[in-house]
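# Understanding the architecture of this molecule
Here is how the chains run, residue by residue.
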Amino acid sequence: MSIKENLRNIRERIKSLGRDPQDIKLIAVTKTIPVELIEQAIQAGITDVGENKIQEAIPKNEALKQKYPNVTWHMLGHLQRNKVKQALEKFNLIQSVDSERLAKEIDDRRRTIGERRTPILIEVNTSGEATKYGVKPEEAVKLLQLISGFASIQVQGLMTIAPMAADPEKTRPCFKKLKTLSEEIKKLNLPNVKMKYLSMGMTDDFEIAIQEGSNMIRLGRAIFGQRPPKL
Ligand SMILES: *Cc1c(COP(=O)(O)O)cnc(C)c1O
């Protein structure tokens, strides 16, 4: 199937859930995907691109940004503090902030650039898996209270990565947990903290995520097909 057909299929699946595809932001996850295919996706209507590694994102961003200046770039992977400067140059939304140290580095870097606040999402480890990044759910409020005092950051929501599971239903409790947490945070009315986005749901579980309140899904294989195996 072509990328165009895959996108049509995704929209149909969202409609089958009784939802308007316009209300769910779709991010094309382009790790390992060559620039030509990313361009095809953009021409087929993709407006948001997500990458995991800054090193991989830089050449793709440089190849595409002039021709497609309106594409929004999302940083999805773990971000090291020494890469923050580059990340701020290439990405519009950093979805993987999970510590005060990282947030402070983003805040400091943004202040030296001036201009607006950096939009970020807080990554929450809802599965409790030791291999996953993300702040623990019970520590998220404390982290948000600290970040809400930073002058050059604006929190726009939460992100989570559910566990790989043979049965996608196993992901549902993680999505529920993120949604509940976002409701709790909303009630706190912290300055510079908005719960506009719940970034959850990937190829195997996006329908479950949407049922549980996701309004931002991150799809790789559903758009581009199977990724080549890791070397
Ligand atoms: C790879 C990846 C995705 C997309 O995965 P698919 O299963 O191919 O849809 C989404 N989010 C993150 C953080 C990823 O690393």
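Computed from a prediction, not measured in an experiment: that's the story for all the values here.

### Brief notes about the packing of helix α2 (residues 35-43) against helix α3 (residues 54-64)
- Axis separation between α2 and α3 bottoms out at 10 Å; the angle between their running directions is 50°. Comparing the axis directions of α2 and α3 gives the class oblique. Where α2 crosses over α3, the handedness of that crossing is right-handed. Taken together, the residues of α3 that come into contact with α2 (itself represented by Val 35, Ile 38, Glu 39 and Ile 42) are Lys 60, Ala 63 and Leu 64.

### Comments concerning the site of the ligand
- In the vicinity of the ligand, the residues found are Val 29, Lys 31, Asn 52, Leu 76, Ile 161, Met 202, Thr 203, Arg 218, Leu 219, Gly 220, Arg 221 and Arg 227.
- Arg 218 places a polar side-chain atom, nitrogen or oxygen, 2.9 Å from a nitrogen atom of the ligand.
- Within the complex, the protein chains bury 95% of what would otherwise be the 380 Å² of accessible surface of the ligand.
- When grouped by side-chain class, the residues that make up the shell around the ligand number five nonpolar, three polar and four charged.

### Comments concerning the UniProt feature "modified residue: N6-(pyridoxal phosphate)lysine" (unreviewed entry) in the protein chain
- Annotation from UniProt places "modified residue: N6-(pyridoxal phosphate)lysine" (unreviewed entry) at Lys 31.
- Within the secondary structure, Lys 31 is located in the loop between β1 (25-29) and α2.
- According to the relative accessible area criterion, Lys 31 is partly exposed, its value standing at 24%.
- The contacts of Lys 31, once residues within four sequence positions are left out, are Gly 50, Glu 51, Asn 52, Glu 56, Lys 60 and Arg 227.

### A short note on the UniProt feature "domain: Alanine racemase N-terminal" (unreviewed entry) in the protein chain
- The feature "domain: Alanine racemase N-terminal" (unreviewed entry), as given by UniProt, occupies residues 3-228 in the numbering adopted here.
- Between the end C-alpha atoms of residues 3-228 the distance is 16 Å, and the span holds 41% helix and 19% strand.

### Details of the environment of Leu 37
- As for its position among the elements, Leu 37 is in helix α2.
- The sequence separation of Leu 37 and Ile 223 amounts to 186 residues, and the corresponding C-alpha distance is 10.0 Å.
- Beyond its immediate chain neighbours, meaning those up to four positions away, Leu 37 contacts Ile 3 and Phe 224.

### Overview of helix α1 (residues 3-16)
- Helix length check: α1 (14 residues) gives 20 Å between terminal C-alpha atoms against 20 Å at 1.5 Å per residue, within 8%.
- Among all positions in α1, only Ile 3, Asn 6, Leu 7, Ile 10 and Ile 14 are buried. For α1, the angular spread of buried residues about the axis comes to 100°, placing them on one side. Exposed side of α1, more than 90 degrees from the buried face: Lys 4 and Ser 16 are the residues found there.
- If you follow the buried residues of α1, they end up packed against β1, α2, α8 (206-211), β8 (216-219) and α9 (221-224).
- Positive backbone phi, approximately 80°, marks Gly 18, located one or two places after α1.

### Some details on the nonpolar core
- Core analysis: the biggest nonpolar cluster contains 63 residues, and Ile 122, Ile 147 and Ile 223 have the highest contact counts within it.
- Beyond its immediate chain neighbours, meaning those up to four positions away, Ile 122 contacts Gln 95, Val 97, Val 135, Leu 143, Leu 144, Ile 147, Val 155, Gly 157, Leu 158 and Met 159.
- Residues Ile 27, Leu 121, Tyr 197 and Met 216 belong to the second largest nonpolar core, which totals six residues.

### Comments concerning α3
- Turning to α3, its buried residues number three or more, namely Ile 54, Ala 57, Ile 58, Lys 60, Asn 61 and Leu 64.
- Residues of α3 that are buried sit in contact with α2, β2 (48-51), β3 (72-75) and α4 (84-90).

### Points about unusual backbone geometry
- Although it is not a glycine, Thr 32 adopts a positive phi angle of roughly 65°.
- Considering the arrangement of structural elements, one finds Thr 32 in the loop between β1 and α2.
- For Thr 32, a relative accessible area of 41% puts it in the partly exposed group.
- Positive phi outside glycine occurs at Asn 189, with the angle close to 50°.
- Relative to the helices and strands, Asn 189 is located in the loop between α7 (172-188) and β7 (193-199).

Parameters and conventions
Residues numbered from 1 in each chain as written. Predicted model: local features only at pLDDT ≥ 70, side-chain atom pairs only at ≥ 80, totals over all residues. Heavy atoms only, no water. Axes fitted to C-alpha atoms, helices over the stretch in contact; angles between N-to-C directions. Helix = DSSP H or I, 4+ residues; strand = E, 2+ residues; numbered from the N terminus. Parallel < 35°, antiparallel > 145°, perpendicular 65-115°, else oblique. Left-handed = near helix turned anticlockwise from the far one by under 90°. Contact = heavy atoms within 4.5 Å. Near = heavy atom within 4 Å. Polar contact = N/O pair within 3.5 Å; in protein donor to acceptor, adjacent residues only side chain to side chain. Areas by Shrake-Rupley, 256 points an atom, 1.4 Å probe, with all protein chains shown as cover. Nonpolar A, V, L, I, M, F, W, Y, C, P; charged D, E, K, R; others polar. UniProt positions renumbered as here; feature names shortened; annotations may be inferred. Buried < 20%, exposed > 50% of the residue type's maximum accessible area, 1.4 Å probe, protein only. Expected span 1.5 Å × (residues − 1). Arc of directions from axis to C-beta. Core = buried A, V, L, I, M, F, W, Y, C linked by side-chain atoms within 4.5 Å.

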